[in-house]
Structure formats: C-alpha cells, structure tokens
Amino acid sequence: MRHVAVLPGDGIGPEVVAEAVRVLECLRDEYALAVEIEYGLVGGAAYDVHGHPLPEATLQLATSAQAVLLGAVGGPRWESLPIVVRPEKALLGLRSALGVFANLRPAILYPQLAGASTLRAEVVSGLDLMIVRELTGGIYFGEPRGVRTLENGERQGFNTLVYTESEIERVAVRAFEIARARARRVCSVDKANVLESTELWREVVMKVACRYPDVAVSHMYVDNAAMQLVRAPKQFDVIVTTNMFGDILSDEAAMLTGSIGMLPSASLNETDRGLYEPIHGSAPDIAGKNIANPLATILSVAMMLRYSLHEPTLATRVEAAVSTVLDTGLRTADIAETSHACCSTRAMGDAVIAALRAPLS
Ligand code: IPM
Ligand code: MG
C-alpha cells in the first residue's frame, strides 16, 4: 500500500485537488491502484486552525507518505502576517523537509490549445520542454538573510546565493538522466559572468556532462535564456537551473503553452519520494467559484503515478484521458477561446473520469 498525503491548502487549492483526488480514487477503485489517501492542513488553512502554516502533524504526514499532492497556498487574508508564518513558508518548509531538490516543470503545448498561447502558433506548436529547477538551495534558503540597520540608520535587506558542489551535481545528474529519456539536450542556465556561485554551477554541470557523452550540453546566461524562451522556445529540450532562475523561467515557459492552469510539477528527492503540485498559485480572485482549471493538478497526479508510485501505464492513461477531453472541446475559462463555452471545475473532473473509464480504443 502506498500512502499519498493530500494537502489542499488555500484559494482554488481545495477545488482543483478534489478533482485530482477523484481521479486517484477512480484508479484505485477501477484499476486496482493500491493507494491510501490521507488529508492534512497546509498554508493559510493551517494557520487559521493551528497558528502555523506547516503544523507538526502535516509535516509528519508528508514525510511518512510516498507522495504528497498539494493544491496551493496563500491569499490576501494572510499577506500581512510576519514572513515566518506566511503560507508560502509552508511550501518552502515542506520542500526542505522532504529534501525534494529536483523540481520538474514540464511545459507542453497541447495541439488542441495552440490558439490559447499569446505567441504565434508556429513558434510554439509542438513545444515540449522540461525545466529542472533546483528547489532546496540557492538564494531561497541561503544564510545569512534578513534586514539590518546600518550605522547611518538606514535599513539594508540581504540574502545569500549559495550552492555547494554536491547540490549542483545531484540536480545536474537528474537533468541529464531525464534528457536521456527525451531529446538528449540539456541547457544549463546561470549568470556565470557575474555571480561566482553560478560560475561554480557551470563548472560542476560541465563535469557531470562528461559522464553523459550521449547528451548534448549547452550553457546560457539567464537573461539570454529568458529572451530565447519567447524567441525560439523549441530550441530547448531540458533546462536545468538554480532555484530562483527556475522560478522565473518556469512561469515564462508556462505562458508559452497558453495557460498556467495546464501545467503540473513534480519535486523529487534521491529516492523518488515526491511533492506534486500544479504550478499555478491559489488564485484567490476565482476561489470558491467552481471555475478553476483542475487539469494541472490532475496532470500532477499523472506525474506522481510515473515518478513516485512507479505506475507508468496509469500515468499515460491519465494523460491520454486529459487529451481526449481537450479533443471534445471542453474548456475551463482560462483555456477557452471565444468559440468555446466554459465549463466548471467539477465538469472538467467528471469528463476526465469518464474518459478514464471509457474502454481503450
Ligand atoms: C513556485 C512559487 C513559490 C516559489 C512561492 C509560492 C514560494 O512561486 O512554486 O514557483 O517561489 O517557489
Ligand atoms: Mg513561481
């Protein structure tokens, strides 16, 4: 029996997670997937009950599970809290406690959604890239950090961008392994012309690359990478980069595909224990309205099946069900072109489940 911890969180989190859990339950009931699902509180929802966004019970639940499915955290209600108890801190705490250093963020353009991208169809059609973002180090976690008062009375904010060789090496290895199962190209993104820590990043990635002679490696400065992503995104296969650069570039890559509401993510540790979440946030403006797109979370379940539960056939079935549903023209508001009437979160979940139940053609 594999334990899956489900942390719906805030905003649209509970709505989109509910549909993804129904998909998991369908696989459990009809495809004999051996999973046990347990719920926990995280983010603002946990703060409201326990005064902390990542209570001990949630941490226990998450660290003892094989996989964690998380919706989203944060919202205006908690924005004025001190940074140490903000909902976002729970996310960082979970990533750190689970040791999930490799964050996989695929950006795939579904042909059915080519018209939803703000870029011309020929620039993005067929796009299939994977961003491997380092997730438990870098400037997000580096010490010292804080705000101090200087001798002249002025305040100064500071953070530290640190990477050890082993932190760089393990995420680079992941990226090269992933590239081997894809188009065998890795582009490492850094700012080695200015930042010593990423000069080391480049050096270590070059060393790792020597162990993968079958994979083509290239290096790009982050400013250029940001430009190339919108100029000619199909030049990329796998991008490996630091925590903060990956945060920024993955949002940019998401928009190439038309909607951030479509993109899942997986964060993995050494032993494939994983944290799975849609890359969109809690979208408080549309929370509780049953209009959010649940597909990113459902596709996160597919990634969970593939990477942590080792059920590649079921993973492919979920992905195929999503594609079938898109073929029928069903669209939530975020991916609708004017010609499509919008469906609800629940209706999208229903359709994916119906497609999963349909006999294989
Ligand atoms: C993400 C988010 C988080 C991050 C925030 C919510 C802390 O933007 O997962 O990309 O910066 O990592
Ligand atoms: Mg982000």
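Refer to the structure printed above.
What counts and what doesn't
Residues numbered from 1 in each chain as written. Chains lettered and ligands numbered in written order. Predicted model: local features only at pLDDT ≥ 70, side-chain atom pairs only at ≥ 80, totals over all residues. Heavy atoms only, no water. Core = buried A, V, L, I, M, F, W, Y, C linked by side-chain atoms within 4.5 Å. Buried < 20%, exposed > 50% of the residue type's maximum accessible area, 1.4 Å probe, protein only. Helix = DSSP H or I, 4+ residues; strand = E, 2+ residues; numbered from the N terminus. Contact = heavy atoms within 4.5 Å. Near = heavy atom within 4 Å. Polar contact = N/O pair within 3.5 Å; in protein donor to acceptor, adjacent residues only side chain to side chain. Areas by Shrake-Rupley, 256 points an atom, 1.4 Å probe, with all protein chains shown as cover. 1 Å grid on protein atoms, 1.4 Å probe; cavity = no way out; pocket = protein on both sides within 12 Å on 5 of 7 lines; lining within 4 Å. Sits in = over half its atoms within 2 Å of the grid points. Pairing = 2+ DSSP bridges.

A. Fine view of the nonpolar core. Core analysis: the biggest nonpolar cluster contains 90 residues, and Leu69, Leu104, Val132, Met262, Leu295 and Leu305 have the highest contact counts within it. Of the residues forming this core, the biggest block, eight residues, is contributed by helix 10 (residues 295–307). Not counting residues up to four positions away in its chain, the partners in contact with Leu305 are Leu27, Leu33, His310, Glu311, Pro312, Leu314, Ala315 and Val318. Of all hydrophobic cores here, the second largest spans 17 residues; its members include Ala5, Leu61, Leu94 and Leu275.

B. Quick look at the site of ligand 1. Neighbouring ligand 1 are the residues Glu88, Leu91, Arg95, Arg105, Arg133, Tyr140 and Asp247. The contact in question runs from an oxygen atom of ligand 1 to an N or O atom on the side chain of Arg133, over 2.8 Å. Protein contact buries 75% of the 320 Å² of open area that ligand 1 shows by itself. In this structure, ligand 1 is accommodated by the largest pocket. Broken down by element, the shell around ligand 1 gets its largest block of residues, three residues, from helix 4 (residues 87–98).

C. Geometry of the pairing of strand 3 (residues 67–72). For strand 3, a buried count of six out of six residues is recorded, marking the element as mostly surrounded by other parts of the structure. The pairing of strand 1 (residues 2–9) with strand 3 spans five bridges and is classified as parallel. Bridge assignment links Gly9 to a residue of strand 3, and that residue is Ala72. Direction of pairing for strand 3 relative to strand 12 (residues 274–276): parallel, over a ladder of three bridges. If you follow Leu69 over to strand 12, its bridge partner there is Tyr276.

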